[in-house]
Amino acid sequence: LVQSLAGHQHLEHVVFSRREYHASNQRTSTPYREETLRAVCSVLGSNCQVRSVNFSDSPLSFGGGDPQDVSLKESVIAALSANQTLERLEIANVTNQEGPEILSTFLIGCASARRLKYLDISDNRLDEDAMVALADMVGTQTTLEEVRAKKLDLVSIDLGALIASLKENTTLKTLDLSH
């Protein structure tokens, strides 16, 4: 289904946000298959008009395969970097162990996204790589106006690079770091 949307001229918003509840109200997460993320990359890399993508509360996964196989990560970075229309990306609360790695990959791709104005990375765990990717993205992004980063797990993370990047960014109007 997702793959068939590549090149769709009127599609503007894609939502993959999901939550599943059992009778006990315990949230469970089954990672989206690697093929789904590849298909999303295909859509973003096509000549479609997608302006908004929401992966919040999603169990995204790179497939858990060979760590040396970076082709899916490269696809995500290339799709976001080359996209001409994406203005809003929501990747809040990535719900699995790959969260920091996935977040880093999306942030690297967002660094050169040409029209990105809004980014929500709230409720995520950040490791050092994700923080570096966030700082680099904020420092190089020339269209970003709003970053929502509520309830981030920033325990033992050096914020120096992010602070320096924030001083350099001239387009950011809203930075929400509330807890």
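It should be noted that the structure appears before, not after, this text.
Only a predicted model underlies this, so the values are computations on that prediction, with no experimental measurement involved.

Notes on the overall build of the protein
When helices and strands are tallied, the protein shows 5 helices and 8 strands. From first element to last, N terminus to C terminus, the protein shows the α and β order β-β-β-α-β-α-β-α-β-α-β-α-β. Sorting the 179 residues of the protein into buried and exposed places 45% on the buried side. Pairs at least 24 residues apart make up 85% of the contacts formed inside the protein by residues separated by at least 6 positions. Of the accessible surface of the protein, which amounts to about 9,200 Å², a share of 50% is contributed by carbon and sulfur atoms.

Concerning the pattern of salt bridges
Counted according to the given criterion, the structure contains 7 salt bridges. Of the charged contacts, one joins Arg 51 and Glu 87 as a salt bridge, the two residues approaching to 3.8 Å between their closest N and O atoms. A residue pair is termed long-range when its members are at least 10 positions apart, and Arg 51 in the loop between helix H1 (34–45) and strand E4 (52–54) and Glu 87 in the loop between helix H2 (71–82) and strand E5 (88–90) qualify at 36 residues. The class of Arg 51 is partly exposed, set by a relative accessible area of 30%. Residue Glu 87 is classed as buried on the basis of its relative accessible area, which comes to 16%. With a shortest N-O distance of 2.2 Å, Glu 101 and Lys 73 are connected by a salt bridge. Taken as a pair, Glu 101 in helix H3 (residues 99–110) and Lys 73 in helix H2 lie far apart in primary sequence, 28 residues in all. By relative accessible area, Glu 101 is classed as partly exposed at 33%. A cluster of three or more residues bridged by salt bridges with shared partners is formed by Glu 146, Arg 148, Lys 150 and Asp 176.

A short note on the nonpolar core
Counting residues in each nonpolar core, the largest one holds 42 residues, and the members touching the most others are Phe 55, Leu 89, Phe 106, Ile 121 and Leu 134. A per-element tally of this core places helix H4 (residues 128–140) first, with 7 residues. Beyond its immediate sequence surroundings of up to four residues, Leu 134 is in contact with Leu 107, Ile 121, Leu 126 and Leu 162.

Here we look at the packing of aromatic side chains
The way to describe two aromatic rings as a pair is by their centre distance and the angle between their planes. Within the structure shown, the criterion is met by 1 aromatic pair. Aromatic pair Phe 55 and Phe 106: ring centres 5.6 Å apart, planes at 65°, arrangement edge-to-face. Placement of Phe 55 in the loop between E4 and H2 and of Phe 106 in helix H3 is noted, with a sequence separation of 51 residues between them. The same class applies to Phe 55 as to Phe 106, namely buried. Looking at Arg 88, its charged tip hangs above the ring of Tyr 118, at a distance of 3.7 Å from the centre.

Parameters at a glance
- Residues numbered from 1 in each chain as written.
- Predicted model: local features only at pLDDT ≥ 70, side-chain atom pairs only at ≥ 80, totals over all residues.
- Heavy atoms only, no water.
- Helix = DSSP H or I, 4+ residues; strand = E, 2+ residues; numbered from the N terminus.
- Buried < 20%, exposed > 50% of the residue type's maximum accessible area, 1.4 Å probe, protein only.
- Contact = heavy atoms within 4.5 Å.
- Areas by Shrake-Rupley, 256 points an atom, 1.4 Å probe, with all protein chains shown as cover.
- Salt bridge = Lys/Arg side-chain N within 4 Å of Asp/Glu carboxyl O.
- Core = buried A, V, L, I, M, F, W, Y, C linked by side-chain atoms within 4.5 Å.
- Phe/Tyr/Trp six-rings, centres within 6.5 Å; stacked < 30°, edge-to-face > 60°.
- Lys NZ or Arg CZ within 6 Å of the ring centre and 35° of its normal.

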